[in-house]
Amino acid sequence: MAAGALFFDGQVLLVKPSYKPKWEIPGGYTERGASPLAACRGEVQEELGISPAIGPLLVIDWAPSEAEGDKGLYVFDDGQLRPKQVTEIKLAPTSCWLPGSPPQAILKGC
C-alpha cells in the first residue's frame, strides 16, 4: 500500500527521489500497521520537512506489479501550500521538487 499528497494551486508540486527515474507527488509506501493517512503524513514530513494538515481522500487506485506485488494507492487532497509553508520546505537529501517556478537552489542536482 502507498499514500501520497496532491498539492495543487494551478500547478502540481512534484518531487523526484534520487532513487527513482520519475517525478511524482510526495508520498511513499506505508509502514506495516500504519493507515494510508498516517503514511501520507509521515512521507510529506520526510520528503518536504513540513507537516501541513492532510485533506480528504481524493482517490484510491490499484497498481499491478509483478516485481513488487500488487498495491493499493491512496491520494489525499492537500490543496495549496501557504507561502510560509513553501519557504519552510526542507527536502530530504534524496529528493528535489518541481513547482511551476522552482527556486534554482532547490533543483541543484536534479
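Residues numbered from 1 in each chain as written. Predicted model: local features only at pLDDT ≥ 70, side-chain atom pairs only at ≥ 80, totals over all residues. Heavy atoms only, no water.

Engineer: For this particular structure, what's the right way to read the overall build of the chain?
Structural biologist: Scanning the chain from terminus to terminus reveals three helices and four strands. Burial status across the chain gives 35% buried among its 110 residues. Intrachain contacts of the chain at a sequence separation of at least 6 include 56% that bridge at least 24 residues. Accessible surface, the chain: about 6800 Å² in total, of which carbon and sulfur atoms supply 56%. (Helix = DSSP H or I, 4+ residues; strand = E, 2+ residues; numbered from the N terminus. Buried < 20%, exposed > 50% of the residue type's maximum accessible area, 1.4 Å probe, protein only. Contact = heavy atoms within 4.5 Å. Areas by Shrake-Rupley, 256 points an atom, 1.4 Å probe, with all protein chains shown as cover.)

Engineer: Mind showing me how you'd approach the pairing of strand β4 (residues 71-79) here?
Structural biologist: As judged from the six bridges shared by strand β1 (residues 2-7) and β4, these two strands associate in the parallel manner. In the strand pairing of β4, alanine 3 is matched with tyrosine 74. Pairing geometry for strand β3 (residues 57-63) and β4, over six bridges, is antiparallel. Its bridge partner lying in β4, tryptophan 62 is registered against glycine 72. (Pairing = 2+ DSSP bridges.)

Engineer: Would you explain the environment of isoleucine 89 in this entry?
Structural biologist: Relative to the helices and strands, isoleucine 89 is located in the loop between α2 (83-88) and α3 (104-107). Accessibility expressed as a relative area gives 10% for isoleucine 89, which makes it buried. Separated by 40 residues in sequence, isoleucine 89 and glycine 49 have C-alpha atoms that sit 5.5 Å apart.

Engineer: Which parts of the structure should I look at to understand the side chain of lysine 71?
Structural biologist: With respect to the helices, strands and loops of the structure, lysine 71 is situated in strand β4. With relative accessibility at 18%, the residue lysine 71 sits in the buried group. For lysine 71, the side chain forms a polar contact with the side chain of tyrosine 29, separated by 2.8 Å. (Polar contact = N/O pair within 3.5 Å; in protein donor to acceptor, adjacent residues only side chain to side chain.)

Engineer: Before we go on, may I ask you to explain the sheet that holds β3 in this structure?
Structural biologist: The mixed open sheet is built from four strands, whose spatial order is β2-β1-β4-β3. Unpaired on one side and paired on the other, β2 (27-29) and β3 mark the two borders of the sheet. Strand-to-strand twist in this sheet, taken as the mean axis angle between neighbours without regard to direction, amounts to 15 degrees. In the packing of helix α1 (residues 36-48) onto the sheet, contacts are made with β1, β2 and β4, and the angle to β1 comes to roughly 60 degrees. (Axes fitted to C-alpha atoms, helices over the stretch in contact; angles between N-to-C directions.)

Engineer: In this structure, what is going on with the side chain of glutamate 43? I would like to understand it.
Structural biologist: With respect to the helices, strands and loops of the structure, glutamate 43 is situated in helix α1. The exposure class of glutamate 43 is buried, given its relative accessible area of 12%.

Engineer: Which parts of the structure should I look at to understand the confidence of the model for the chain?
Structural biologist: Close inspection of predicted coordinates is inappropriate in any region flagged by low pLDDT. For the chain, per-residue confidence averages 83 on the pLDDT scale, and 85% of positions sit at 70 or higher. β3 holds the highest mean pLDDT among the elements of the chain, 95, whereas α3 holds the lowest, 41. (pLDDT = per-residue confidence, 0-100.)

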